[in-house]
Structures are given as structure tokens and as C-alpha cells.
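Inside the fold
Given next are the chains, with one letter for each unit.
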Amino acid sequence: MKTRGKTNNLAIRVENLSKRYQIGGPRERYRTFRDTLMNAAASPFLNVWNLLRGAHTPPGTGPRETIWALKDVSLEVKRGEVVGIIGSNGAGKTTLLKVLSRITEPTRGCADIYGRVGSLLEVGTGFHPELTGRENIYLNGAILGMKKAVIDRRFDEIVAFAEVEKFIDTPVKHYSSGMYVRLAFAVAAHLEPEILLVDEVLAVGDASFQNKCLGKMEQVGGEGRTVFFVSHNLSAIHRLCHRAILLEGGKVVSDGATESVVGRYLMRNTEYKGSFKKEPAESGKNQILEVVVKTRNGRVISSDFDGSRPFDLLIGINISKVMPDAYLTASVRDAFGTLILISDLRDSVGQGLPKGRSSYLVEFPARLFAPGEYLFTVAIYSPTYGQIDIAANVVKISIRDFTSERGEKRLGYFGARLPWSRLQPSKS
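Now for a look at the structure at hand.

A word on the packing of aromatic side chains. Tallied over the entire structure, the rule returns 13 aromatic pairs. Connected via pairs of aromatic rings, a cluster forms that spans Phe305, Phe311, Phe364, Phe369, Tyr374, Phe376, Tyr413 and Phe414. Cation over ring: Lys71 sits above Trp68, and NZ or CZ is 4.2 Å from the ring centre. Across the ring face of Phe161, the terminal group of Lys212 is positioned such that the distance to the ring centre comes to 4.8 Å.

Take a look at the structure:
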């Protein structure tokens, strides 16, 4: 692991990077002199006990399993790029950032950093708990190689951004997790790092602070500095990053434009299907039995679909008893998981579900959705009982590209024609 000066317009170069961990077996911990004496005294008795019960290994030991958190990862990031790292839990995202931040060493391969790094990986990283917020700001600045005059100049801005003015001279061990993260991010983002590494730790903050952090990362990226951003918030990835990298099982499986990489991630375990059906469960069960997307002539939409034509959503349910205040909801998410439309039975029919099986139809007009991939969710809800059943993301369709009469591609979420009119000028 090396940190070097700028070269060839690169900020990060990773070559055949692998990180191996061993799990299971004994846990290593700090041992005091007293522990050593106690274990020595107890050892003969433990050995006799193991012989009597036929054990062949000391207590607390067992087979050690090897896992590869990263496996032959190679990538390059240019200076000024804002790159999103996505993947399921355990995919290796945080391990990659820890190697890049020099918190852990790789098992093999190399990761070169060309520039000064600011990182925010987890609550507690980089701060000394016994030092005050003020002292930690100067300590982190010194670690980053900043001169005191530069830190002095940015100090008030850091404190104001973190909103910890009252507590700046309090040891950070007394901070809440939200305060800790606010100050840590403010330090990492404001002390002029050339490369900013940020993990999902921002989820600890409240919504307003998260938005402020995203805005700051946009600013950092706009200033030509490099941002490496790990998050499960795909909307944030889409907002910030023109490039995304998908990790699965410690390997890079996709690297490219954010839209296509995020789309592959969301749709990786879901085939295009226009119908969902299941058999009714035991009597007394309120449940959704059927969700089908079909054309107006009754054909199930099982592949891509012409977005210039209307389609319907058929919902079949079974209710064990009359539910006067219950109703159905239908929602649509795009390939980034963003909720773009929700409608419910009360819009047209009203609330109340009858006993037994019943079916409902939701009509979608032509040209409502722009080209893209869409997931449909149906739920039964009651103000009295809450959510009764849900069929989440059970139907997926792909609306293929369609153009306007002028041959222009439709952009955005919706492609519907909206009524326009010209107003007559008022007479004055």
C-alpha cells in the first residue's frame, strides 16, 4: 500500500488486490500477566478434563475458516472522478476502503493512492476519544499534512458545518453518534483532501445533515477532487456519481456508467416477468394471490413493452372477513429503487374489502412512463391493523424506447403528453 504524488492523471490504482480473513477458532485478545498465571495454574486440570471427555483440542479452539473479503480487484480512478461503490452486505465495499485508507494491509496485490486522503469509514475512526473536538480537528489536520495556518482558516467553517459549537471543547467520547459523525465528516471534507473516501456511516446522521453532506461531496467533486463513495442509498449514488462499481463476493462484477451498473445491481436476482401468482394459504389468511401486468387485449407483459401503449395491472386478493377500512395500494419503483408513483383503491373505488376472493384493475395510460425498467409492488393496508400483506417488487417490466413525433427521445420519469394552451393577452 503506497501513497505517492500525482502521476498520469490517476488518483487511485488497484491491481489484483486481495484480502483474506480467518473466521472461527480462538479469538486473539490482549493478555495480562494475571491471565497468564491463571491459565498456567488451570492448564493441568483442563488437560485432564479434555482427556476424560475425549476432547482432542483445547477449549475455545476449533476449525478456522478462510474467507476472501476481496479477490483480485483491479481498478483505476482518475483525478476528479466521483465514483460510487455498491453491493450487498459482505460484498467487500468497506474492506476496499479500509485498504485504501491504510487501516488494513492487503493479503496480496497493491493499492496506490496519488494524493492526500481524507476518509470517513466508521464512527470512531480517526478521532481520539479523550481529546476535545477542537484538538481532534487539529490532530487530523496534522495527520493530513496541513499547516496550522490552513487549519486555523478552515476551523470556523468546520465547526459551523458540524453544528457542534457548544461542544467543541468537550472530549468527543461524550458526543452522541450523530455529533461524532457530523464532526468527522466536516473534518474529512473541509481540510482540502485530494481524495475523499466516504462509507455508509453518513446514515447515522439525520436527513437534513445527510443532504448537507451530499451537497458538500458534490462541491468537492466539482472542485476537481476525487470522491470514492460507498452507500446503499442508490438515489444518492445516482445523484453524485457518473461512474459506479458493483462488488459481489469481493470481486468487481460491473464497472461503468452509474445508471447501467445500478440497474444491474437492482435487477440481478429478478427476471422480467409480468405476473405473480400463489395458492391461497390456510383459511383465515388475508393475502395477495395475484399481480399481473397485461396489455389491454389481455396478453401478459413478460418482456419489453411499447411505452406508447396503455397497460393494466390486475390484482387478485383473498380476505377472510369483511374489512370496512382496508384498501389496496399499488406502487412503482424505477431501476434505482426510487418510488416514482403510488396509487390506492380510495382514488376511485373507495375503502373497504369484501370477504372472499376479489379482483381489481388499475389502468395505466399510454406514454405514462419514459423508457426504463420498473418494479411493481402491491399491498393490503388498513388504518386499524396496519400493513396486512405485501407483494414487494414481484412484477418487473421493461418499457422500451419510444420517441416523440419529432423523433426526439423522451427523458425523465414520465413520457405523458400534457395539455398545453395559449392564453390570450389580457386587455389593459
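With 48 residues, the main nonpolar core has Ile86, Ile137, Leu183, Phe185, Met217 and Phe229 as its most contacted residues. Ranked by the residues each element gives to this core, the list is headed by helix H5 (residues 177-190), at nine residues. The residues touching Ile137, leaving out its near neighbours within four places in the chain, are Ile151, Phe155, Ile158, Val159, Ile168, Leu183, Val187 and Leu191.

The next thing to look at is the packing of helix H4 (residues 148-162) against H5. If you want to describe how two helices pack, look at the angle between their axes and the distance between the axes. Direction vectors running N to C along H4 and H5 enclose 140°, while the axes themselves pass 8 Å from each other. As H4 packs across H5, the resulting crossing turns out to be right-handed. Seen from H4, the contacting residues are Arg154, Glu157, Ile158, Phe161 and Ala162; seen from H5, they are Arg182, Leu183, Phe185, Ala186, Val187 and His190. Partitioning the contact of H4 with H5 into residue classes produces seven nonpolar, one polar and three charged.

Burial analysis of strand E8 (residues 226-230) places five of its five residues in the buried class, which makes it a mostly covered element. With burial as the criterion, each face of E8 is covered, one bearing Thr226, Phe228 and Val230 and the other bearing Val227 and Phe229. Bridging between strand E4 (residues 82-86) and E8 involves four bridges; their strand directions are parallel. Residue Gly84 lies in a different strand from E8, and its bridge partner there is Phe229. The pairing of strand E7 (residues 195-198) with E8 spans four bridges and is parallel.

This brings us to helix H3 (residues 133-143). If you check which residues of H3 are buried, you get Gly133, Asn136, Ile137, Asn140 and Gly141. For H3, the angular spread of buried residues about the axis comes to 135°, placing them on one side. Just downstream of H3 lies Gly145, where phi reads positive at about 85°.

Where strands meet in a sheet, backbone hydrogen bonds hold them as pairs that are either parallel or antiparallel. One open sheet accounts for six strands, arranged E6-E7-E8-E4-E9-E10; its pairing is mixed. Looking at the sheet topology across the chains shown, the edges are occupied by strand E6 (117-120) and strand E10 (251-257). On average, each strand axis in the sheet is tilted by 15° relative to the strand beside it, whichever way the strands run. Along the sheet, helix H2 (residues 93-100) makes contact with E4, E7, E8 and strand E9 (243-248), crossing E8 at roughly 145°. Sitting on the sheet, helix H6 (residues 207-222) touches E4, E7 and E8, and the angle it makes with E8 is about 145°.

If you walk through the whole model with that rule in mind, you get 16 salt bridges. Salt-bridge contacts for Glu76 lead to Arg13; the nearest nitrogen and oxygen are separated by 3.4 Å. Taken together, the positions of Glu76 in strand E3 (residues 65-78) and Arg13 in strand E2 (residues 10-23) put the pair 63 residues apart, joining distant regions of the chain. Classification of Arg13 as buried rests on a relative accessible area of 18%. One salt bridge in this structure joins Arg154 and Glu157, with 3.3 Å as the shortest N-O distance. Separated by three residues within a single helix, Arg154 and Glu157 lie in helix H4, roughly one turn from each other. Judged by relative accessible area, which is 14%, Arg154 ranks as buried. What you see here is one network of salt bridges that share partners, running through Arg13, Glu15 and Glu76.

Procedures and definitions
Residues numbered from 1 in each chain as written. Predicted model: local features only at pLDDT ≥ 70, side-chain atom pairs only at ≥ 80, totals over all residues. Heavy atoms only, no water. Phe/Tyr/Trp six-rings, centres within 6.5 Å; stacked < 30°, edge-to-face > 60°. Lys NZ or Arg CZ within 6 Å of the ring centre and 35° of its normal. Core = buried A, V, L, I, M, F, W, Y, C linked by side-chain atoms within 4.5 Å. Buried < 20%, exposed > 50% of the residue type's maximum accessible area, 1.4 Å probe, protein only. Helix = DSSP H or I, 4+ residues; strand = E, 2+ residues; numbered from the N terminus. Contact = heavy atoms within 4.5 Å. Axes fitted to C-alpha atoms, helices over the stretch in contact; angles between N-to-C directions. Left-handed = near helix turned anticlockwise from the far one by under 90°. Nonpolar A, V, L, I, M, F, W, Y, C, P; charged D, E, K, R; others polar. Pairing = 2+ DSSP bridges. Arc of directions from axis to C-beta. Salt bridge = Lys/Arg side-chain N within 4 Å of Asp/Glu carboxyl O.

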